[in-house]
Amino acid sequence: MNLGPVEIILILLIILLLFGAKKLPELARGLGRSASEFKKGLSEDQDEDKPDENK
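Quick look at the structure, then. Only a predicted model underlies this, so the values are computations on that prediction, with no experimental measurement involved.

When its secondary structure is counted, the protein chain shows 2 helices and 0 strands. Per-residue burial over the protein chain gives 0% buried out of 55 residues. In the form shown here, the protein chain has an accessible surface area of approximately 5,500 Å², with 62% of it arising from carbon and sulfur atoms.

Now for helix α1 (residues 5-19). Taking 1.5 Å of rise per residue, 15 residues should cover 21 Å, and α1 covers 21 Å from first to last C-alpha, within 8% of that figure. At the exit of α1 stands G20, carrying a positive phi of roughly 85°.

A word on a nonpolar patch on the surface. Nonpolar side chains collect at one region of the surface, where L3, I8, I11, L12, I14, I15, L18, F19 and L27 lie side by side and expose about 830 Å² of accessible area between them. Element by element, the count of residues in the nonpolar patch is highest for α1, at 7 residues. Tracing the backbone through its elements, the reader meets F19 in helix α1. The exposure class of F19 is partly exposed, given its relative accessible area of 43%.

For the rest of this paragraph, the subject is the environment of L16. Considering the arrangement of structural elements, one finds L16 in helix α1. A relative accessible area of 34% means that L16 is categorised as partly exposed. Aside from chain neighbours lying at most four places away, what touches L16 is A21 and L24.

Quick notes on the rules
- Residues numbered from 1 in each chain as written.
- Predicted model: local features only at pLDDT ≥ 70, side-chain atom pairs only at ≥ 80, totals over all residues.
- Heavy atoms only, no water.
- Helix = DSSP H or I, 4+ residues; strand = E, 2+ residues; numbered from the N terminus.
- Buried < 20%, exposed > 50% of the residue type's maximum accessible area, 1.4 Å probe, protein only.
- Areas by Shrake-Rupley, 256 points an atom, 1.4 Å probe, with all protein chains shown as cover.
- Expected span 1.5 Å × (residues − 1).
- Patch = residues over 30% accessible without salt bridge, like charges linked within 9 Å, V, L, I, M, F, W, Y side chains within 5 Å.
- Salt bridge = Lys/Arg side-chain N within 4 Å of Asp/Glu carboxyl O.
- Contact = heavy atoms within 4.5 Å.

What follows is the structure, given as structure tokens:
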């Protein structure tokens, strides 16, 4: 399923209509924070899986 530029623009317009222009920066900020928390959690999980070489 390939999305062309027209389809992406339509999706963005629908999102803009649903949430409004004032809410979009807040949604993007929250999405960025949640993505960074997710990445941090993944890296912490990988650190716990590694065996200690100092033992």
